[in-house]
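Observations on the three-dimensional arrangement
Residues per chain, in single letters:
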Amino acid sequence: MVNSKEKLAKEFENLSKKFIEQEKRKVLLNSLKEDKTEWFRWSAEIKNILKNLNKVEAVKFSAFALAIEQKPDSEFYQNKLKKFLIEKTEFYKYYDFKLEKDLKKIEGKNKNLWISKVLRLFISRSFLGILILVLILGFIIWFYADRESCLEFVKGVVQPFLKAIK
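Residues numbered from 1 in each chain as written. Predicted model: local features only at pLDDT ≥ 70, side-chain atom pairs only at ≥ 80, totals over all residues. Heavy atoms only, no water.

Okay, unusual backbone geometry next. Positioned with a positive phi, Lys36 is a non-glycine residue whose angle comes to about 70°. As for its placement among the helices and strands, Lys36 is situated in the loop between helix 2 (22-33) and helix 3 (37-53). (Helix = DSSP H or I, 4+ residues; strand = E, 2+ residues; numbered from the N terminus.)

Take a look at the structure:
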């Protein structure tokens, strides 16, 4: 997973250069004015890469791309998208993807720790004592609330066990 994200970051850097460099940007913007296939192919590739790296950044890019699609001649929108691509390229260029892998390992250990704590709770003597006490109190309350069904339960379920013990 780490290698794939690093690979995606390198692909993002290469694709970003198509817009950052003046000559290649002209080709993309001319595509917007004519058949739009080159622009849509480029923007879809960038969106897919950013979606796998960070979904929030993918949404931001989509907004910039939509603004440029509406007004391809706008220097303001072009500069905003160029600035965004430069910032994200630099960010992912120096980003340490190994930290994410280490963080997932730590989270997995914490999850296992909580599972073992819960299992130990069910096995502990104090929990079993409390459980038996609650069952006895519940049975007493049930006896006072509805004697007939409680006595039927005792005759049907408890009495065979008592006979087997004798």
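Once the structure has been displayed, the description carries forward.
Turning to the environment of Ile140, a few remarks are in order. Considering the arrangement of structural elements, one finds Ile140 in helix 7 (residues 125-145). In this structure the C-alpha to C-alpha distance between Ile140 and Asn112, which are 28 residues apart in sequence, comes to 38 Å.

Attention shifts here to the nonpolar core. What tends to happen in soluble globular proteins is that the nonpolar side chains get buried as a cluster. Formed by 23 residues in total, the largest nonpolar core has its most connected members in Phe19, Trp39, Trp42, Leu50, Phe61, Leu81 and Leu85. Mapped onto this core, the elements with two or more residues apiece are helix 1 (2-20), helix 2, helix 3, helix 4 (55-70) and helix 5 (75-93). The dominant element in this core, judged by the number of residues it contributes, is helix 3, at six residues. Dropping the residues within four chain positions of it, Trp39 is found in contact with Phe19, Leu28, Ser31, Leu32, Ala65, Ile68, Glu69 and Leu81. (Core = buried A, V, L, I, M, F, W, Y, C linked by side-chain atoms within 4.5 Å. Buried < 20%, exposed > 50% of the residue type's maximum accessible area, 1.4 Å probe, protein only. Contact = heavy atoms within 4.5 Å.)

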